[in-house]
Amino acid sequence: MGATEKSRAVGRNVPRKEGLDKVTGAAKYVDDLTFPGMLHGRTIRSTIAAGEIENIHLGFARKGFTIADCRDVPGRNVVALIELDQPCLAERRVRHFAEPILLLAHEDRERLLEAESLVAIDYREETPIYDPEKSDHCFKEIRIEKGDLARGFAEADVVVEGEYRVGLQEQLYIEPNGVIAVPENGGITVYGSLQCPYYVHRALRVLLGLSDDKVRVVQTETGGGFGGKEEYPSMIAGHAAILAWKSRRPVKLVYDRVEDMVATTKRHPGVIRHSTGVTRDGTLTAIKIDVLLDGGAYMTLSPVVLSRGVIHATGPYRCDHVRIQGRVVATNTPPNGAFRGFGAPQTQFAAEVHMERIAETLGIDSVRLREKNAFRPGDTTSTGQKLGRDTSALRVLREAVSRSDFRAKRRAYRGTNRGIGLALFFHGSGFTGGGEVKLASKASLELTETGARILVASTEIGQGTRTMHAQIVADTLGIPYDAVEVAAADTARVPDSGPTVASRTCMVVGKILERCAQEMRRELGGRSAQDYLAERGSLVVTKEYSGPDGLYWDDETYRGDAYGAFGWGCDVIEVERDPETWQIRPTRVTAVCEIGKAIHPVLARGQIEGGTAQAVGYALLEEVAMRDGRMANAQLTNYLVPTTLDTPEIDVTILENPYEHGPFGAKGVGEMPIDGPAPAIVNAIRSLGVDVRSIPATPERILEAPSLSASR
Amino acid sequence: MQAPPMKRLLDVLREECGLTGTKEGCGEGECGACTVLLDGMPVNSCLIPFAQAQGSVVTTIEGLEGRHPLQDAFVVEGGAQCGICTPGMILAAAAIPRGATLDEIRLGLAGNICRCTGYTSIYRAIEKARSRRHR
Ligand code: FES
Ligand code: FES
């Protein structure tokens, strides 16, 4: 069964489940829905970064308005996530600009906006901290230790040091955050644009003090997430729920673009320092890395972002002696959080630019340097994880180099306005360390008259969850793809399959579904669905995550198997500079990714192309200008994301090296493509003779950077 | 059709006509999610007061009735991921002349941001829809 049987849907580009609805305008996003008697909500936020609230003046007639503050929270005033440190509505203290303080609701949106402009808040201001190096509050510290660092440095001929900086990045899903809260059945139902229904479910239970069955969360069609709708919806859902609870009416809370950019989470900025011991012939003997991330005012998911960041910090290279120290600290800026890649794009940017600098220092070919040190099967990572047969670092590197004609172009471009750069990277699929075991995700499969229905909390946010899950189930059951339906991600109907994050939806949840389908097939024993249902009434198979045998992780020492599997990638990027302005224009990307098995090649390629484009923005365009703790360019007019004119041609090659515990051999694919382009672009700029070590590499930054010959 | 003259065409379509296929991504003319055709020309409906559209033919995604070759091609080629930019993107693409080169297509779509696809599959969808039309 499964992989051994001739597959009919897996590996083929079957029509996307909700494809037709999306191209005809029939798909319903949260702002497309209305409920009888619905009010509109609005959030009043702090205009200072640190201090205490002294007075609130409403300045408008209250009639027709529902007004709520922290005293209206029926349960605990927190956004329940890892730590209960973040209030849903500020009490006295304010820790960042745009912190939610007061909620307003009214039938009429115009009246609401007018009222908002009349609210005045007096504060007693305090001195905010914006520089993470000066922070006195550390959310999480992680240390990874392998071998004996002193010995590694003693074996080195040369030590190469460097400091690398990465900026904030906004997810910029085109549909802003939004929810509708509806009081019903003595509880609350929330419809919303979100990635993780059960995160919101838990947050609402705590906030409202309600039991499990009184809270229901339903995902509406979601116009992009990229991590930005991982934890933040718990906050906005909480606000809408408080207003709905108080007014006893449905409340819609949909952010406009400015509010979404000013108030919601972004990718953590950071400073990463490398010190590497290397022999003359280019063998890495010691790696010491220091990672500092700015978490913003509250913890959100920062410890987990740091965790993925430090585990990926060496890049895909072997070395016997490694020390990685990571810290994520508090500052008085809006909290940072999940964004595709989750710490790994930051640390692998540093790793791959550093690798280039090691080659420059030694005067050796940077492809040879990478080949020499890249992970092979049987090597161990910094956490001591022994890599399996599905380790493809060398394969993706060689494929990208030959497919892009890297060496010939590098020679040809020398001394011109064209540059070419390369980055090799890897990305762990699924939750880090013991995360999947702790999550204990569940998935269900229900027999229907015509086939089967998938019941999972995994959400479709553009990546093709419904389609790819249905393919796995169809082939495992041996029924046509069209005979598999997918239920809405509604906590009243589906079990907790864990969050839709961390490139886990295919590899982890897909695997649980495969097991459900295997059992259903056994149970059917050759009978048709109709016969079985006529005989037995119904059949629902539910399975829980069960990891491959022998996976080991120790959270105290950070030793063990950090991920079930790694995907492998290599990007080659060609750029052109404008000789006057130093504007860098990427012209062509060659992206090679090894993802185990492409369940749906068009969807998989779409993940790689889309992730690559986001990373082009990260590398060159997307600058969040923070002034006095607030985003000063919170508009699409001055926060620039790649348009058709900024996005280069992207040539994608997918390689398959099956992971034995993934469904049909699949690993994760969603996040990995965002790891490589930024260092590849910066390395291409370096090939033009400029010593750039931070992103976004805007013309100003490039002009300020020393030339390479001078800095060597 | 009656509506306040200064109301945004976007809101008139979504709220008065119940045509929610037209989306709002920014409300400031930068993302193109609200693109509709005004007498065949793509415009940002978030910037157009209703009065300005009066007497014109407005085409929204619903108006293509699922029969435009671009719609099927967007599904097949993966031109729609999350789908929020898709209605606007398809209408903008529909207004690009048939013989346009890739660079002209790029220019024609430069006002429509897609954060999911990296645009490549959108170009493929446009190619596919054209080759089908020729048959
Ligand atoms: S909503 Fe009109 S251009 Fe963005
Ligand atoms: S498909 Fe999501 S923004 Fe284009």
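Residues numbered from 1 in each chain as written. Chains lettered and ligands numbered in written order. Predicted model: local features only at pLDDT ≥ 70, side-chain atom pairs only at ≥ 80, totals over all residues.

Draft legend 1. Structural context of the pairing of strand E24 (residues 584-594) of chain A. Residues and elements named next belong to chain A. Counting buried positions over the 11 residues of E24 gives 8, a clear majority of the element. Two elements, strand E23 (residues 565-577) and E24, share 10 bridges in a ladder whose sense is antiparallel. Its bridge partner being in E24, glutamate 576 is matched across the sheet by arginine 585. Taken together, E23 and the strand that follows it, E24, pair antiparallel across an intervening segment of 6 residues, in which tryptophan 582 is found at a positive phi of about 65 degrees. Bridge count for E24 against strand E27 (residues 649-655) is 7 bridges, and the pairing is parallel. Directly across from valine 589, in E27, lies its bridge partner isoleucine 650. (Buried ≥ 20, exposed ≤ 12 C-beta atoms within 10 Å, placed from the backbone. Helix = DSSP H or I, 4+ residues; strand = E, 2+ residues; numbered from the N terminus. Pairing = 2+ DSSP bridges.)

Draft legend 2. Region of interest: the interface of chain A and chain B. Across the contact, 41 residues belong to chain A and 37 residues belong to chain B. For the side of chain A that touches chain B, the secondary structure elements donating two or more residues are helix H1 (19-24) and helix H16 (601-621) of chain A. Of all the elements, H16 of chain A adds the most residues to the side of chain A that touches chain B, at 8 residues. (Contact = placed C-beta atoms within 7 Å.)

Draft legend 3. Summary view of the domain arrangement of chain A. All names here are of chain A. One can read the domain layout of chain A as domain 1 (2-28 + 441-544), domain 2 (33-128 + 172-263) and domain 3 (270-433 + 558-711). A straight line from the C-alpha centre of domain 1 to that of domain 3 covers 34 Å. Within the residue set of the side of domain 1 that touches domain 3, elements represented by two or more residues are helix H13 (465-477) and helix H14 (505-524). Counting residues per element, the side of domain 1 that touches domain 3 draws most heavily on H14, which supplies 6 residues. When its residues are assigned to classes, the side of domain 1 that touches domain 3 shows 10 nonpolar, 10 polar and 3 charged. (Domains from an automatic or database assignment. Nonpolar A, V, L, I, M, F, W, Y, C, P; charged D, E, K, R; others polar.)

Draft legend 4. Spotlight on the sheet that holds E23 of chain A. Residues and elements named next belong to chain A. Read from one edge to the other, the open sheet built from 4 strands follows the order E16-E23-E24-E27, with strand pairing classed as mixed. The open sheet is flanked by strand E16 (418-429) and E27, the only strands paired with a single partner. For this sheet the average axis-to-axis angle between neighbouring strands, irrespective of direction, equals 15 degrees. Relative to E24, helix H10 (residues 393-404) is tilted by about 140 degrees, and along the sheet it contacts E16, E23, E24 and E27. Helix H11 (residues 406-413) contacts E16 and E23 of the sheet and is inclined by roughly 145 degrees relative to E16. (Axes fitted to C-alpha atoms, helices over the stretch in contact; angles between N-to-C directions.)

Draft legend 5. How the structure looks around the domain arrangement of chain B. Residues and elements named next belong to chain B. When the domains of chain B are assigned, the result is domain 1 (9-63) and domain 2 (64-134). Of all the elements in the fold, those that place two or more residues in the side of domain 1 that touches domain 2 are strand E1 (35-38) and strand E2 (41-44). Considering every element that reaches the side of domain 1 that touches domain 2, the biggest residue donor is E1, with 3 residues. Here the residues of the side of domain 1 that touches domain 2 are counted per class, giving 8 nonpolar, 8 polar and 1 charged.

Draft legend 6. A look at H13 of chain A. All names here are of chain A. Look at H13: 18 Å from first C-alpha to last across 13 residues, which is about the 18 Å you get at 1.5 Å a residue. Burial of H13 is extensive: 13 of the 13 residues sit out of reach of the surface. Two residues or fewer after H13 comes glycine 478, characterised by a positive phi angle close to 75 degrees. (Expected span 1.5 Å × (residues − 1).)

Draft legend 7. Spotlight on the environment of valine 254 of chain A. Residues and elements named next belong to chain A. Within the element layout of this structure, valine 254 appears in strand E12 (residues 251-254). Judged by the 23 C-beta atoms lying within 10 Å of it, valine 254 is buried. The spatial distance from the C-alpha of valine 254 to the C-alpha of glycine 178 is 4.0 Å, given a sequence separation of 76 residues. Not counting the four nearest positions on each side in its chain, valine 254 is found in contact with Val30, Asp31, Pro176 and Gly178.

Draft legend 8. Expanded view of the confidence of the model for chain B. Per-residue confidence for chain B averages 96 on the pLDDT scale, and 98% of its residues sit at or above 70. Overall fold confidence (pTM) sits at 0.97, and the ipTM for the predicted complex is 0.98. (pLDDT = per-residue confidence, 0-100.)

Draft legend 9. Expanded view of unusual backbone geometry. A cis amide bond links isoleucine 695 of chain A to the next residue, proline 696 of chain A, at an omega of 0 degrees. Although it is not a glycine, phenylalanine 226 of chain A sits at a positive phi angle of roughly 60 degrees. Tracing the backbone through its elements, the reader meets phenylalanine 226 of chain A in the loop between strand E11 (215-219) and helix H5 (232-247). According to the C-beta neighbour criterion, phenylalanine 226 of chain A is buried, with 29 such atoms within 10 Å. The phi angle at glutamate 65 of chain B is positive, at roughly 55 degrees, despite the residue not being glycine. Looking at the secondary structure, you find glutamate 65 of chain B in the loop between strand E3 (58-59) and helix H3 (69-77).

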